Amino acid sequence: MEGKKRIVSGMRPTGLLHLGNLHGALANWVKMQDTYDCYFFIADWHALTSDYEDTRLISRNVTEMMVDWLSAGLDPERSTLFVQSRVKEHAELFLLLSMITPVPWLERNPTYKDQILQLSNKDLSTFGFLGYPVLQAADIIIYKADGVPVGVDQVPHVEISREIARRFNYFYGNVFPEPESILTTTPKILGLDRRKMSKSYNNAIFISENPKELSAKAAKMITDPQRARKSDPGNPDVCNVFEFHKLYSDPKTVKRINLECRKAEIGCVECKQEMAGNLIRTLEPIREKRKFYESHPELLNEIIAEGVRKAGIIAARTMEDVRTAMKI
Ligand code: SF4
């Protein structure tokens, strides 16, 4: 796309998307489609870096993720949507970049250290896991991306990609622009139990859930922990349900709930039901689109094939530049 800056970002296919994902990366991507030349990929090779033992679900998760993306508003007419493993040039560039990446750069990656501690039930002492930032660098710079949309905690990843691109350019000549981090903000959205929304905590609300499931989950949400009875005044500022109202209810409703809660004029059961109704209404168009794509798998395959084709053209062109620069 002439004149537009190019951005690249990916998501690991770990299963159905939840509201945290929707309001996190995905909502920003949907907005960015108007401003940038967007390349969004499903990072199935990255799923292998930590889940290499059991790969049975990866391919199904790829399909589910693409359905979620399209339903939530990613548009194949405006963005290039593809699957990482189908553009083999990522692997070639990963290999070449791994030759020039010093191991201490990877060992000091904060996510590496953190994940080794967090996922102590998995053996992550693999070459692939240590080297995943090199694969990430390949994913980004193969499209000569100007930027990568990230939250604050992912800035160090983009920094490693910049360093790897710089090192390549230093050795072989100026092939890659250094991608910038484009900082994105996301609303605070917690899980049912007020911890970070995550599949592994079993506290997530999925965007594909039906109205009955959504109402049942809303009913389970933890509210202001100090409010034991309906006659106790509540504090919406510490209540997760109120955060959801801010996302799904109109401003008038949010204002009213804020007052009624503080004066104990509304009970939490009623408040949750009202929020659930608005959540269900907001997700309705997404659910409709989901049904459409689920019943048109051939269209889904076409969209992926077209995205792979478009991404492959740029990736192949870059690899020609890389091979020429490296004289191989
Ligand atoms: S009334 Fe609503 S905002 Fe107030 S504590 Fe209960 S659920 Fe939260």
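Attention in this report is confined to the structure presented alongside it.

Calculation criteria
- Residues numbered from 1 in each chain as written.
- Predicted model: local features only at pLDDT ≥ 70, side-chain atom pairs only at ≥ 80, totals over all residues.
- Heavy atoms only, no water.
- Buried < 20%, exposed > 50% of the residue type's maximum accessible area, 1.4 Å probe, protein only.
- Salt bridge = Lys/Arg side-chain N within 4 Å of Asp/Glu carboxyl O.
- Helix = DSSP H or I, 4+ residues; strand = E, 2+ residues; numbered from the N terminus.
- Phe/Tyr/Trp six-rings, centres within 6.5 Å; stacked < 30°, edge-to-face > 60°.
- Lys NZ or Arg CZ within 6 Å of the ring centre and 35° of its normal.
- Near = heavy atom within 4 Å.
- Nonpolar A, V, L, I, M, F, W, Y, C, P; charged D, E, K, R; others polar.

Moving on, we get to unusual backbone geometry. Residues other than glycine seldom take positive phi values, yet Arg194 does so here, at roughly 75 degrees. Look at Arg194 and you get partly exposed, because its relative accessible area is 32%. Of note in the backbone geometry, Lys327 takes a positive phi value of approximately 60 degrees without being a glycine.

All right, on to the pattern of salt bridges then. Tallied over the full model, the rule gives 26 salt bridges. Residues Arg6 and Asp37 are paired through a salt bridge, measuring 3.1 Å at the closest nitrogen-oxygen approach. Taken together, the residues Arg6 in strand 1 (residues 6-11) and Asp37 in strand 2 (residues 37-42) connect sequence positions 31 residues apart. Residues Arg6 and Asp37 agree in their burial class; the two are buried.

Turning next to the packing of aromatic side chains. A full pass over the atoms with the stated rule returns 12 aromatic pairs. It is Arg195 that lies over the ring of Tyr201; its NZ or CZ is 4.1 Å from the centre.

Before going further, it helps to spend a moment on the site of the ligand. As a matter of local geometry, the ligand sits amid Thr223, Asp224, Arg227, Cys239, Val241, Phe242, Cys261, Ile266, Cys268 and Cys271. Those elements giving two or more residues to the shell around the ligand turn out to be helix 11 (240-248) and helix 13 (268-294). Residues belonging to the shell around the ligand are distributed by class as follows: 7 nonpolar, 1 polar and 2 charged.

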